[in-house]
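Residue-level structural notes
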Amino acid sequence: MKPLLALVIATTICIINSCSHKIESEYPRGTAKIIEETYFYPVNNNGKWECGDTIISYKYDKANHKSYYDKYGNIILSKEKRLIGTEISTTYYRKPKQHIKERTHVYNTNTQKSYDKIYVYDKNKNLVEVTKSRDSVLSLISKYDYNEEGDLIKKMDVEEEYVMYITPLNQYEAEYIKYNLDGVLLEKGKEKYDDKGLITYCHIDAYNFGQYHHSTEDCYYFYDKDGRILSYIVEKKVVAKVFTAEYDIKWNDDAYFIKKYYQTEPSIDDGFRRFWEYNENGDCIAERLVNEDNTINVDSIKEYEYNEKGDWIKCTVYNRGTHKLCPDGGVLFNLTKEEDTPSEIIVRNIENI
C-alpha cells in the first residue's frame with residue numbers, strides 16, 4: 001500500500017534578475033549548476049514582445065531566486081529574496097545527518113526576526129516530523145506515523161489543527177478520517193493509486209464547515225506515461241444546513257412581534273476540470289481550468305526558447321483569464337493565442353560551474 005499522497009496541482013515559477021550575474025564566491029559544495037529566473041512585463045517592440053520592467057506585485061513576490069544543483073541534477077540549495085522583505089533559504093541533504101533531510105531558514109528583513117523549519121525522516125526515508133525553531137524555542141508543526149510496511153497511518157498537523165487516521169486497504173487503496181484537535185469530525189475519504197503510487201481517484205465527505213454541514217467530492221486524476229498530470233476533474237455537491245431563527249421586533253413600548261423563520265437551502269452542484277499539455281522537452285505549454293458551468297476560468301499558453309543544451313532560457317506566458325464558454329467541453333489541444341497579449345515573460349540565467 002502506498003502512503004497517502006497529497007496532490008498539489010499548482011505550478012510555482014521563481015523570480016530573479018535576468019541580467020548577467022557574477023557567481024557568488026560562496027556556494028554549496030558540489031554545486032554544478034546555478035539557475036536564476038525573473039518575471040518581466042512584456043513590451044511590444046515593432047511587433048516583437050520583449051522584456052520591460054520587472055514585475056512587482058504580491059502575486060509575484062519573489063524578487064530574486066537562485067537554485068543550486070549538483071552534477072546529477074539534484075537541488076541542494078534554494079535561495080530567494082522577496083519584495084515583501086522576506087529572505088528564504090532551503091538546504092537539501094542527500095545523505096542526511098540525524099535523518100534531517102531538509103532545513104528551511106526564513107528571515108524577515110523588516111522585523112529582523114527569523115525561524116527555521118526542519119524536516120526529519122526515518123531510516124526508510126519517510127517524513128516523520130516537521131518542527132519550527134524560533135528564538136531557540138522548538139515547536140511541533142506536524143508528525144507522521146507509519147506501520148511496519150511503511151504505510152502512513154496517522155498524521156497530526158498542529159498548524160492546520162487536525163489529526164488524520166489512514167487505513168491501508170491494499171496496495172492500491174486507502175481510507176482516511178480527519179478530526180480537528182477537539183475531536184470534531186471534519187472529513188472522511190477513500191483514495192486509489194496506480195502501480196507507480198500516483199493517486200488516480202479520491203472520494204471526500206466533508207463536514208461542519210461554514211454555513212454548510214456536508215459536501216461530497218469525487219476527484220479523478222489522469223497522467224501521461226512519464227507521470228505528468230494531464231487532467232484533474234472534480235465533481236462536488238454541497239448541502240446547506242436547515243435552520244430556524246426567531247426575530248423579536250419591538251413595535252412600541254408594550255407590543256412585540258415574534259416570528260419563527262424557517263429556511264432550507266438546496267444542494268449545490270459544483271466542480272471543475274483542469275487540463276495540461278506538454279512539449280517534447282517535458283515543459284508545460286498549456287493549461288486550462290473549466291468551471292462547472294463550462295466557462296473558462298484559467299486559460300494560458302507558454303512559449304519557450306531553449307539554449308544549445310536544451311534548457312529553456314525564456315518563457316512567454318499568455319493568460320486570458322475568465323471568458324467565453326468552452327466550445328469543446330474543455331479539450332485542451334484547441335487552445336490558441338490569437339490576438340492575445342502576453343501577461344509576463346520569464347527569463348532564465350543558467351551558469352554551469
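Residues numbered from 1 in each chain as written. Predicted model: local features only at pLDDT ≥ 70, side-chain atom pairs only at ≥ 80, totals over all residues. Heavy atoms only, no water.

1. Comments concerning the overall build of the protein
Within the protein one finds zero helices and 24 strands. Across the 353 residues that make up the protein, the buried fraction comes to 38%. The contacts in the protein between residues at least 6 apart in sequence include a share of 38% that link residues at least 24 apart. (Helix = DSSP H or I, 4+ residues; strand = E, 2+ residues; numbered from the N terminus. Buried < 20%, exposed > 50% of the residue type's maximum accessible area, 1.4 Å probe, protein only. Contact = heavy atoms within 4.5 Å.)

2. A word on the environment of Phe 275
Examined against the element boundaries, Phe 275 turns out to sit in strand β19 (residues 268-278). When its relative accessible area of 15% is taken as the criterion, Phe 275 is described as buried. The spacing of Phe 275 and Ser 231 is 44 residues in sequence and 4.3 Å in space, taken between C-alpha atoms.

3. Regarding the side chain of Lys 155
Mapped onto the secondary structure, Lys 155 falls in strand β10 (residues 152-157). One buried charged residue, Lys 155, remains without a salt bridge, the closest side chain of opposite sign being Asp 157 at 4.2 Å. Among the polar contacts listed, one links the side chain of Lys 155 to the side chain of Tyr 162, at a separation of 3.0 Å. Apart from residues no more than four positions distant in its own chain, Lys 155 is found in contact with Lys 143, Tyr 144, Tyr 162, Val 163, Met 164 and Ile 166. (Lys, Arg positive; Asp, Glu negative; His and termini not counted. Salt bridge = Lys/Arg side-chain N within 4 Å of Asp/Glu carboxyl O. Polar contact = N/O pair within 3.5 Å; in protein donor to acceptor, adjacent residues only side chain to side chain.)

4. Points about the pairing of strand β24 (residues 344-352)
Across the nine residues of β24, seven count as buried, placing the element largely inside the fold. As paired strands, strand β1 (residues 33-45) and β24 are joined by eight bridges and run antiparallel to one another. Pairing of Phe 40 across the sheet is with Ile 345, part of β24. By the bridge criterion, four bridges tie strand β22 (residues 312-319) to β24 in an arrangement that is antiparallel. For Thr 316, the partnering residue across the bridge sits in β24 and is Ile 345. (Pairing = 2+ DSSP bridges.)

5. Some words on the packing of aromatic side chains
Here a ring pair, both rings aromatic, is described through the centre-centre distance and the interplanar angle of the planes. Under the defined criterion, the tally for this structure stands at six aromatic pairs. Where Tyr 232 meets Phe 272, the ring centres are 5.7 Å apart and the plane angle is 70 degrees; that geometry is what we call edge-to-face. Of the two residues, Tyr 232 is situated in strand β16 (residues 229-240) and Phe 272 in strand β19; the sequence distance between them amounts to 40 residues. For Phe 272, a relative accessible area of 26% corresponds to the partly exposed category. (Phe/Tyr/Trp six-rings, centres within 6.5 Å; stacked < 30°, edge-to-face > 60°.)

6. Quick look at unusual backbone geometry
Even without being a glycine, Lys 125 presents a positive backbone phi close to 70 degrees. Mapped onto the fold, Lys 125 is located in the loop between β7 (113-121) and β8 (127-134). You will see that Glu 161, though not glycine, has its phi angle at about 60 degrees, which is positive. Inspection of the secondary structure assignment puts Glu 161 in the loop between β10 and β11 (162-170). What makes Glu 161 exposed here is its relative accessible area of 52%.

7. Here we look at the confidence of the model for the protein
Overall, the prediction assigns the protein a mean pLDDT of 77, with 71% of residues at 70 or greater. Within the model, pLDDT remains below 50 along residues 323-335, and this stretch shows 35 contacts once partners closer than five positions in the same chain are excluded. (pLDDT = per-residue confidence, 0-100.)

8. Some points on the state of the cysteines
Simply put, the disulfide is a covalent bond whose two ends are the sulfur atoms of two cysteines. For the structure on display, the rule yields zero disulfides. There is no disulfide at Cys 202, and the cysteine sulfur nearest it, in Cys 219, is 5.3 Å away. (Disulfide = S-S within 2.5 Å.)

9. Some details on the side chain of Asp 205
Note on placement: Asp 205 falls in strand β14 (residues 199-209). Buried charge Asp 205 goes without a salt bridge, the closest partner of opposite sign being Lys 188 at 7.5 Å. Polar side-chain contacts of Asp 205 include one of 3.0 Å to the side chain of His 203. Discounting residues that sit within four places of it in the chain, Asp 205 has contacts with Leu 186, Glu 187, Lys 188, His 214, Ser 215 and Thr 216.

10. A closer look at the pattern of salt bridges
If you walk through the whole model with that rule in mind, you get 10 salt bridges. Two residues, Glu 159 and Lys 132, come together in a salt bridge whose shortest N-O distance is 3.1 Å. A residue pair is termed long-range when its members are at least 10 positions apart, and Glu 159 in the loop between β10 and β11 and Lys 132 in strand β8 qualify at 27 residues. According to the relative accessible area criterion, Lys 132 is buried, its value standing at 15%.

11. Things to note about the pairing of β10
Two faces belong to every sheet, and in a regular strand the side chains alternate between them. Pairing geometry for strand β9 (residues 137-146) and β10, over five bridges, is antiparallel. Across the sheet, the residue bridging to Tyr 146 is Leu 152, located in β10. Taking the residues between adjacent antiparallel strands as the criterion, β9 and β10 are bridged by five residues, where Gly 150 takes a positive phi near 90 degrees. The pairing of β10 with β11 spans four bridges and is classified as antiparallel. Residue pairing for β11: Met 156 is matched across the bridge by Val 163. In this antiparallel pair of consecutive strands, β10 and β11, the connection spans four residues, and Glu 161 shows a positive phi of 60 degrees.

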